[in-house]
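Chain by chain, the residues:
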Amino acid sequence: MLVTKDVSRIASLLKDNKGSVVAYPTETFYGLGALIKDHAAIKRIISIKGRDAAKGMIVLASDMDMVSLLAHMDNQHRELLQRFWPGPLSAVMKAKPGLDPVLGPNSRIAIRISPDATALSLIREAGPITSTSANISGIPASCSPDDIKAQDLDIDAILDGGITPGGKPSTLIDLTVWPPLCLREGAIPFEAILDALIMV
């Protein structure tokens, strides 16, 4: 398995080798990444994690322009999300046409802009990627390359960003309704999101 700090090398691996899956750092844990148009790689992540495909996966984007290519986002959504992005907030929105149905069950997509500089560099070079914790379902999420190696995950490479902070996963909200609903309380208290609605 390739372990490297070279973002460009990992981006090239994802773009040039269909079915490639890598681990990379985020603001909380390491994630498993595949290009969102690489169906074989997405299916491989499901096999690696042993998770139900119907759950879908979070997608990481590099900026609001990339988000708008993937999801229907109105001004209310944009104003709210700009208060928390980049950051550990994932939002479910209506997906634009063409999204892999495994990523966007029921024509919805969960998306986030990470504040992690290494993750952002990877996405800028490779394009939007999947983000699901780098671990087998039921086993604690990984905070380092050594954690990932210890699980012997069937992946092609690790983008080494050192040790990530860990803690709580991203908060997950549903923006297909208004006001938003909390689907998973995480690193950002849902109360802080509700407070921000006053300003939107």
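So, a few notes on the structure that sits alongside this text. (Residues numbered from 1 in each chain as written. Predicted model: local features only at pLDDT ≥ 70, side-chain atom pairs only at ≥ 80, totals over all residues. Heavy atoms only, no water.)

1. Looking at the sheet that holds strand S10 (residues 181-184)
Basically, it comes down to this: When DSSP finds two or more bridges between two strands, those strands count as paired. Numbered from the N terminus, helices here are DSSP runs of H or I no shorter than four residues, and strands are runs of E no shorter than two. Angular values range over 0 to 180 degrees, each being the angle between N-to-C directions of two axes fitted as lines to C-alpha atoms, with helices fitted over their stretch in contact.
Taken in spatial order, the 10 strands make up an open sheet running S1-S8-S2-S3-S7-S4-S6-S5-S9-S10, and their pairing is mixed. The open sheet has two edge strands with one neighbour each: strand S1 (2-4) and S10. Across the sheet, the mean angle from the axis of one strand to that of its neighbour is 35 degrees, orientation sign disregarded. Sheet topology places S1 next to strand S8 (residues 157-159); 3 bridges connect them, and they run parallel. When the sheet's bridge partners are listed, threonine 4 is paired in S8 with leucine 159.

2. Points about the pairing of strand S6 (residues 108-113)
Note the threshold: Classification of residues uses two cut-offs on accessible area relative to the type maximum, computed with a 1.4 Å probe and protein chains only: under 20% is buried, over 50% is exposed, and between them is partly exposed.
Buried residues dominate S6, accounting for 5 of its 6 residues. As judged from the 4 bridges shared by strand S4 (residues 58-61) and S6, these two strands associate in the parallel manner. Note on S6: the bridge partner recorded for isoleucine 58 is alanine 110. As defined by bridge partners, strand S5 (residues 89-94) adjoins S6 across 4 bridges and the pair is classed as antiparallel. Across the sheet, residue lysine 94 finds its bridge partner in S6, namely arginine 108.

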